[in-house]
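As a plain string of letters, each chain reads:
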Amino acid sequence: LKPSQLKSSSSARSPPPRQRPPAAMDPFLTANLQAFAAHHPSSPGDRGGSSGAAAGSRRSASAPGLRSTGDLAATRRNFERRKLLEQRRKRGCMVFLDRMEADANRKTALAHVSELRQDPQQRLALDRAVERMRPTPVPSGPIVAAHDPRSLYQGHDRKMTWAPLECY
């Protein structure tokens, strides 16, 4: 055998390099998604109570074909549920120590997010972050832009909330 043949045959026998699973999403974003999904249930009957309407909405959520087309809230929650499911799948592909580290990070992030969500302004900011993560809907027609002639910049008409003067 020639040395070039040995080299090619040995490389054919070696196993391919092990690929790491894709990195998990930031634990803070995952915890925020989890808290958002818990705070905004997919159907009105998920908060409690067992009325007939709630049972019907639970049934339609379990059978997507029976869901009415006007159930916009459930379709908007699909994004959060899909992202959380994707994170659980990525966690399942991790090695034991990586999984333990991810669980510890997720637990501290969830505690921090739940503490932040107690403040109403922080909760709105965290909800806006989740809303920005959603994919933009495909436009169905021409977009007509209307601008206020008195606005000097985007958000000029928005009400500003200021802290007391002692804080500045």
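Please refer to the structure placed before this passage.
Since we're looking at a predicted model, the values are computed, not measured.

Enquirer: I would appreciate a short explanation of the packing of helix H2 (residues 27–39) against helix H5 (residues 96–116) in the present structure.
Expert: Helix-helix packing is described using two parameters, namely the angle between the two axes and the distance between the axes. Their axes nearest at 8 Å, the elements H2 and H5 cross at an angle of 55°. Taken as axis vectors, H2 and H5 run oblique relative to one another. Crossing geometry of H2 relative to H5 is assigned as right-handed. On H5, the residues that touch Pro 27, Phe 28, Ala 31, Asn 32, Gln 34 and Ala 35 of H2 are Asn 105, Arg 106, Ala 109, Leu 110, His 112, Val 113 and Leu 116. Of the residues contributing to the contact of H2 with H5, the split by class is eight nonpolar, four polar and one charged.

Enquirer: I'm lost on the pattern of salt bridges in this one. Help?
Expert: Pairing between side chains of opposite charge can happen when the charged atoms of each approach one another. With the rule as written, the count across this model stands at six salt bridges. Across the pair Asp 127 and Arg 117 runs a salt bridge, and its minimum N-O distance is 2.9 Å. Within this pair, whereas Asp 127 is found in helix H6 (residues 120–133), its partner Arg 117 is found in the loop between H5 and H6, the two being separated by ten residues in sequence. Under the relative-accessibility criterion, Asp 127 is labelled buried at 13%. We note a salt bridge from Arg 150 to Asp 148, for which the minimum N-O separation is 3.6 Å. We classify Arg 150 as exposed; its relative accessible area is 65%. Residue classification places Asp 148 among the partly exposed positions, given a relative accessible area of 32%. The network of salt bridges with shared partners includes Glu 80, Glu 131 and Arg 134.

Enquirer: Just checking my understanding: could you explain a nonpolar patch on the surface for this structure?
Expert: A cluster of nonpolar side chains, namely Val 95, Phe 96, Leu 97 and Met 100, defines an oily patch on the protein surface of about 410 Å² accessible area. Counting through the fold element by element, Met 100 comes out in helix H5. On the accessibility criterion, Met 100 (44% relative accessible area) is partly exposed.

Reading the values: the criteria
- Residues numbered from 1 in each chain as written.
- Predicted model: local features only at pLDDT ≥ 70, side-chain atom pairs only at ≥ 80, totals over all residues.
- Heavy atoms only, no water.
- Axes fitted to C-alpha atoms, helices over the stretch in contact; angles between N-to-C directions.
- Helix = DSSP H or I, 4+ residues; strand = E, 2+ residues; numbered from the N terminus.
- Parallel < 35°, antiparallel > 145°, perpendicular 65-115°, else oblique.
- Left-handed = near helix turned anticlockwise from the far one by under 90°.
- Contact = heavy atoms within 4.5 Å.
- Nonpolar A, V, L, I, M, F, W, Y, C, P; charged D, E, K, R; others polar.
- Salt bridge = Lys/Arg side-chain N within 4 Å of Asp/Glu carboxyl O.
- Buried < 20%, exposed > 50% of the residue type's maximum accessible area, 1.4 Å probe, protein only.
- Patch = residues over 30% accessible without salt bridge, like charges linked within 9 Å, V, L, I, M, F, W, Y side chains within 5 Å.
- Areas by Shrake-Rupley, 256 points an atom, 1.4 Å probe, with all protein chains shown as cover.

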